[in-house]
Amino acid sequence: MCGRFAITLPTDAMAQLFDAAPANDMPDVPNYNVCPTTGVHVVMSEDSRKLVTMRWGFLPHWYKSPTDGPLLINARAETIAEKPAFREACRARRCLIPISGFYEWTKDEAGKRWPWYIQGPETLALAGVWQDWGPDDARRRTCAVVTIKANETMSQVHHRMPVVIDQEDWGLWLGEEGFGAAPLMKAADEDLLSFYQVDPKVNSNRAQGPELIEPFHA
């Protein structure tokens, strides 16, 4: 599961990191509480590599409206090649979603939800798939994060985790280097990610500010 994340890297630095030409209208950064259905930074490759904005929430072509079916913010790696919503995108429309870290929640014995912030040593590139949706005069690009069964480290917080693509594999995942991207859909190495508890104020999708990713002790 990946349902909320943070991105703090400036857009120009992001474009340089991924060697991608940035679009003109990009989401504001930093954003410490990126929520589903909002615009997110996405790296895609067609004739060249581009940094663009997409709606986080994949819309299959048969949806009549954005609320015509389930909110598809994640795509399970184990079934992505078979699910009608994702199978074509998995073959031909893969992307990278840069993040600084993401949030997961655990519950205590009283049922209270406690948020955790999970990060790597640097900007993470999550595996994603994308889909154009809507009539030609109101076309919008939408995306979902690919997830996999959590590794042992991450399973302390959640049973699933986003697929992280290593830098040397970015071109392969984006379809720039032919076929063979399926093996990249695996759990991250045990030592890549670390996590710590953060303030429950992030439970609100309206919360903002750098304090959301600071360690919190109840």
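Just so you know, the residues in each chain are numbered from 1, in the order the chain's sequence is written. Restriction of local features to residues with pLDDT of at least 70 applies here, the model being predicted, together with a cutoff of 80 or more for giving and counting side-chain atom pairs; totals for whole chains, interfaces and linings are based on all residues. Hydrogens are left out, water is left out, and the side-chain values use all remaining heavy atoms of the structure.

Asker: Whenever I open this one, the overall build of the protein confuses me. Can you help?
Answerer: Labels follow the DSSP assignment, with helices taken as runs of H or I lasting at least four residues and strands as runs of E lasting at least two, numbered in each case from the N terminus. The helix and strand inventory of the protein stands at three helices and eleven strands. Scanning the protein from its N terminus toward the C terminus, one meets helices and strands in the order β-α-β-β-β-β-β-α-β-β-β-β-α-β. Every radius of gyration here is taken over C-alpha atoms, with the globule rule written as 2.2 Å times N^0.38, N being the number of residues. In summary, the protein has a C-alpha radius of gyration of 17 Å against a globular reference of 17 Å for 218 residues, a match within 12%. Along the three orthogonal principal directions, the C-alpha set of the protein runs to about 50 × 35 × 35 Å. Throughout, a contact is declared for two residues whenever any of their heavy atoms are within 4.5 Å. Sequence separation of 24 or more characterises 66% of the internal contacts of the protein that already satisfy a separation of 6 or more. Method for areas: the Shrake-Rupley scheme with a 1.4 Å probe, in which residue coverage is limited to the protein chains shown. For the protein, the computed accessible surface area is about 10800 Å², with 49% contributed by carbon and sulfur atoms. His is not counted, nor are the chain ends, whereas Lys and Arg count as positive and Asp and Glu as negative. A charged residue contributes its charge at one atom only: NZ of Lys, CZ of Arg, CG of Asp or CD of Glu. When the 22 positive and 29 negative side-chain charges of the protein are each reduced to one mean point, those points stand 9 Å apart.

Asker: Teacher, can you tell me more about the pattern of salt bridges here?
Answerer: For side chains of opposite charge, pairing can occur when their charged atoms come near one another. Salt bridges are defined by distance alone: a side-chain nitrogen of Lys or Arg within 4 Å of a carboxyl oxygen of Asp or Glu. Per the counting criterion, the structure on display carries six salt bridges. Note that arginine 49 is salt-bridged to glutamate 176, the shortest N-O span being 2.5 Å. Taken as a pair, arginine 49 in strand S5 (residues 49-56) and glutamate 176 in the loop between helix H3 (170-173) and strand S11 (194-197) lie far apart in primary sequence, 127 residues in all. Overlapping salt bridges bring together Glu46, Lys50, Asp132 and Arg141 as one network.

Asker: Quick question: what am I supposed to make of the pairing of strand S9 (residues 140-149) here?
Answerer: Along any regular strand the residues' side chains alternate between the sheet's two faces. Whether a residue is buried, partly exposed or exposed follows from its accessible area with a 1.4 Å probe, protein chains only, as a fraction of its type maximum: under 20%, in between, or over 50%, in that order. Here S9 lies mainly inside the structure; seven of its ten residues are buried. Paired strands, as defined in this entry, are two strands with at least two bridges between them according to DSSP. The pairing of S5 with S9 spans two bridges and is parallel. Considered in S9, the bridge of arginine 55 is made with threonine 142. Alignment of strand S6 (residues 74-76) against S9, held across three bridges, turns out to be parallel. For asparagine 74, the partnering residue across the bridge sits in S9 and is valine 145. Pairing geometry for strand S8 (residues 113-133) and S9, over six bridges, is antiparallel. Each residue of the ladder has a partner; that of valine 129, found in S9, is alanine 144. In terms of strand pairing, S9 meets strand S10 (residues 160-162) through three bridges, oriented antiparallel. Within S10, the residue paired with threonine 147 across the bridge is proline 162.

Asker: Any chance you could explain the packing of aromatic side chains here in plain terms?
Answerer: Given two aromatic rings, their pairing is described by the distance between the two centres and the angle made by the two planes. To pair, rings of Phe, Tyr and Trp, with the six-membered ring standing in for Trp, must have centres within 6.5 Å; the planes then decide the type, stacked if under 30 degrees apart, edge-to-face if over 60, and tilted in the middle. This structure, assessed with the given rule, holds eight aromatic pairs. Between the aromatic rings of tryptophan 116 and phenylalanine 195, the centroid separation amounts to 5.8 Å while the plane-to-plane angle is 80 degrees, which identifies the pairing as edge-to-face. Within this pair, whereas tryptophan 116 is found in strand S8, its partner phenylalanine 195 is found in strand S11, the two being separated by 79 residues in sequence. Each residue in the set Tyr103, Trp105, Tyr117 and Tyr196 is aromatic and connected to the rest through ring pairs, giving one cluster.

Asker: For this particular structure, what's the right way to read unusual backbone geometry?
Answerer: If a residue is not glycine, its phi is most likely negative; likewise, a peptide bond is most likely trans. Cis geometry is found at the peptide bond from valine 29 to proline 30, where omega equals 0 degrees. Inspection of the secondary structure assignment puts proline 30 in the loop between strand S2 (21-22) and strand S3 (31-34). Not every positive phi belongs to a glycine, and aspartate 19 is a case in point at roughly 55 degrees. The residue aspartate 19 is located in the loop between helix H1 (11-18) and S2 in this model. One non-glycine residue, threonine 37, lies in positive phi territory at about 75 degrees.

Asker: In this structure, what is going on with the pairing of strand S4 (residues 39-45)? I would like to understand it.
Answerer: Burial of S4 is extensive: six of the seven residues sit out of reach of the surface. Sheet analysis places S4 next to S5, joined by seven bridges and oriented antiparallel. Among the inter-strand pairings, valine 42 is bridged to a residue of S5, identified as valine 52. Counting the residues in the hairpin turn of S4 and S5 gives three residues.

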